[in-house]
Amino acid sequence: MQVPRWLGVDILLRFIPGWLIAVWFLPLGGQLQAQAIGSAKKPNVLFILVDDQSPWDLKFYNPASKLDAPVLERLARDGMVLDGAYHMGSFSGAVCTPSRHMIMSGRTLWHLPISPKVQERGLCPAELEKQTMAAVFNRAGYITMRTCKQGNSYEKANEQFTVRKDATKRGGTPQTGSPWHAERVLEFLEARQLSAKDPQAEPQPFLIYFGFSHPHDERDGTPELLAKYGAVNHTDRSVLPPVHPDQPPLPENYLPEHPFPHGHPKLRDEVDVSGVWERRDARTIRNELGREFACSESIDQQIGRVLEKLRSMGELDNTYIVYTSDHGIAIGRHGLQGKQNLYEHTWRVPMIVKGPGIAAGTRAQGNVYLLDVLATLCDLAGIAPPESNEGISFKPVLMGQHDSIRDVMYGVYNGGTKPGIRCVKKGDWKLIEWDVLDGKVRKTQLFNLSENPLEYLQEHHHQDVIDLTGAKPLGHQVNLADDPRYRDKLTEMRELLLGEMVRLDDPWRLSNQK
């Protein structure tokens, strides 16, 4: 069902019957709200998804970050922060596309309708869109609303939302940037609030998918926020961007180049982003981080507007709020620019959850994938998940009953040369295998994340890098794959990786696997 173009309130109330307004925007207000609270009132859902954000950008993951995000920091204090939230991976250079399919459907990476050879292998049910987020919540009596970027997502699932206002907005003005998405949500909430005046209306819970187009490039921030972070929307390829003392410092695990080819040459995020191009020098990266922070702070402001509206409507305390990103991003870390890798800054995603029953100021490991979101939202709302769902509800983690929902995490990137990159994590240990460029690059990395959380490599110990970042890694903070003391651990992790690849129907094998 697609709602017509948003109308003025007077016109809406004058020409559309009250019962129809109730179907679209059923209210919680006045006497009806009090009656609803007295009965079994379904919780609302506000799912917030940003585009390309590393957890390390945010102070509740990285206290040294210069990003000001007071709304998100307050949300973290009022809810639970998950330290182990991940996207499973991608078989496409557009990493967001499979990620958003997994969010909508609760399916694992190789079981999506767009997965390689999925139909021939019989690994995805037909008409999956009817079992995706909006469709499931529609059938449960929710009104569903969506605003987000266009493209690189799951279009058939997007079409299931009752109200849909999608457009790609990566500019630096209210009309071309993140405020546009917030305005669409505020219009929806205002219409819902005004419909409460209809005495025939009945309460109806909502699910809002509040998506942003930023901080994905082009990272064109507003003039005032760019100035705050000392950044410019650099467009002249012939010169470096200007230096400014207010620019964010280089990431601690910055490198001027990755130690070996990453396996996806000529990829847009790596060579063709305006303002960056092929450059990984300190001036370029600091300016680009400033642009990213300007976009991220604008997002924080827009979320604050929506939360304030929910508070004024009396809806906030009965709303589960999830904040996350479709994946992380490098922007200079490990000498990379994009999202086509499996280091923690890119494989991990930020995640905060706030709502009824979730203790304020709590943290948990979680070990969740984005594909677990559908099962979790269903569980929180008292809705049976669809049979097609493969995710695990992490409600027990949110309610403080468990610290995590799984022991092993598996990651993929093979959008470039095959078989690509794979990783596996268990406890503190993480293995990354690179098998790219037709076998020309085969590298193994083994990290103990409790001792080396930033996944420092030997190159981070070079004095010229230390001079740039001011970060001096400890002697043991290196790739341990070639250290004979960890030979047994390496064997164990390789066996674990192969087991996950088999279990999850990964159609490729690495050169060192049977």
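Cut-offs applied
- Residues numbered from 1 in each chain as written.
- Predicted model: local features only at pLDDT ≥ 70, side-chain atom pairs only at ≥ 80, totals over all residues.
- Heavy atoms only, no water.
- Pairing = 2+ DSSP bridges.
- Helix = DSSP H or I, 4+ residues; strand = E, 2+ residues; numbered from the N terminus.
- Contact = heavy atoms within 4.5 Å.
- Axes fitted to C-alpha atoms, helices over the stretch in contact; angles between N-to-C directions.
- Parallel < 35°, antiparallel > 145°, perpendicular 65-115°, else oblique.
- Nonpolar A, V, L, I, M, F, W, Y, C, P; charged D, E, K, R; others polar.
- Core = buried A, V, L, I, M, F, W, Y, C linked by side-chain atoms within 4.5 Å.
- Buried < 20%, exposed > 50% of the residue type's maximum accessible area, 1.4 Å probe, protein only.
- Salt bridge = Lys/Arg side-chain N within 4 Å of Asp/Glu carboxyl O.

S.K.: How should I be thinking about the sheet that holds strand β9 (residues 351-354) in this particular structure?
M.R.: Pairing between sheet strands relies on hydrogen bonds along the backbone, with the strands arranged either parallel or antiparallel. One open sheet accounts for eight strands, arranged β6-β5-β7-β1-β8-β9-β2-β10; its pairing is mixed. Edge strands, defined here as strands with exactly one partner in the open sheet, are β6 (163-164) and β10 (362-364). Strand direction decides the pairing type here: strand β5 (residues 143-147) and strand β7 (residues 206-215), joined by five bridges, are parallel. Following the sheet pairing, Arg146 is matched in β7 by Tyr209. Lying over the sheet, helix α4 (residues 70-78) contacts β2 (80-82), β8 (319-325) and β9, oriented at roughly 60° with respect to β9. On top of the sheet, helix α11 (residues 282-313) reaches β1 (44-51), β7 and β8; it is set at about 160° to β7, its chief contact.

S.K.: What exactly am I supposed to notice about the packing of helix α8 (residues 178-195) against α11 here?
M.R.: Between α8 and α11, whose axes approach to 9 Å, the crossing angle comes to 5°. The angle between α8 and α11 places the two elements in the roughly parallel class. Touching Ser178, Pro179, Ala182, Glu183, Val185, Leu186, Leu189, Glu190, Arg192 and Gln193 of α8 are Ser298, Ile299, Gln302, Arg305, Val306, Lys309, Leu310 and Met313, all from α11. Its residues assigned to classes, the contact of α8 with α11 comprises nine nonpolar, four polar and five charged.

S.K.: Can you walk me through the nonpolar core in this structure?
M.R.: Side chains that are nonpolar tend, in soluble globular proteins, to be buried together. Residues Met88, Leu109 and Tyr410 are the most contacted members of the largest nonpolar core, which totals 46 residues. Among the secondary structure elements, those contributing two or more residues to this core are β12 (408-413), β13 (420-426), β14 (429-436), β15 (441-448) and α16 (487-503). The contacts of Tyr410, once residues within four sequence positions are left out, are Met88, Trp110, Trp347, Tyr369, Arg422, Cys423, Leu497, Glu500, Met501, Leu504 and Asp506. Grouped together as the second largest cluster of nonpolar side chains are 44 residues, Ile143, Phe206, Ala231 and Ile352 included.

S.K.: Before we go on, may I ask you to explain the pairing of β5 in this structure?
M.R.: Among the five residues in β5, five count as buried, and that is most of the element. Here β5 shows no split at all, with Ile143, Met145 and Thr147 on one side and Thr144 and Arg146 on the other all buried. As paired elements, β5 and β6 share two bridges and run parallel to each other. Note that in β6 the partner of Met145 across the bridge is Val163.

S.K.: What is the right way to read the side chain of Thr469 from this model?
M.R.: Within the element layout of this structure, Thr469 appears in helix α15 (residues 463-469). When sequence neighbours within four positions are dropped, the list of residues in contact with Thr469 reads Leu250, Pro251, Glu252 and Tyr254.

S.K.: Is there a simple way to explain the environment of Pro98 in this structure?
M.R.: Among the secondary structure elements, Pro98 is positioned in helix α5 (residues 96-105). Using a relative accessible area of 0% as the deciding quantity, one classes Pro98 as buried. Measuring from C-alpha to C-alpha, the distance between Pro98 and Trp110 comes to 9.4 Å, with 12 residues separating the pair along the chain. The residues contacting Pro98, other than those within four sequence positions of it, are Gly89, Ser90, Phe91, Ser92, Leu109, Leu112 and Ile114.

S.K.: Would you mind going over the pairing of β13 with me for this structure?
M.R.: Remember that side chains alternate between the two faces of the sheet whenever the strand is regular. Across the seven residues that make up β13, a large majority, six, are buried. By the bridge criterion, six bridges tie β12 to β13 in an arrangement that is antiparallel. Across the sheet, the residue bridging to Val412 is Arg422, located in β13. From the end of β12 to the start of β13, which pair antiparallel, there are six residues. Count of turn residues in the β13/β14 antiparallel hairpin: two residues, of which Gly427 carries a positive phi of about 60°.

S.K.: Help me out: how do you make sense of the pattern of salt bridges in this one?
M.R.: Any two side chains of opposite charge can pair, so long as their charged atoms come close to each other. Across all of its chains, the model carries 38 salt bridges by this definition. Put simply, Glu344 and Lys430 hold a salt bridge, and the shortest N to O gap is 2.9 Å. Of the two residues, Glu344 sits in helix α12 (residues 344-347) while Lys430 sits in strand β14, which places them 86 residues apart along the sequence. The exposure classification of Glu344 matches that of Lys430, with both residues buried. Residues joined by salt bridges that share partners form a network here, namely Asp52, Asp217, Glu218, Arg268, Asp269 and Lys339.

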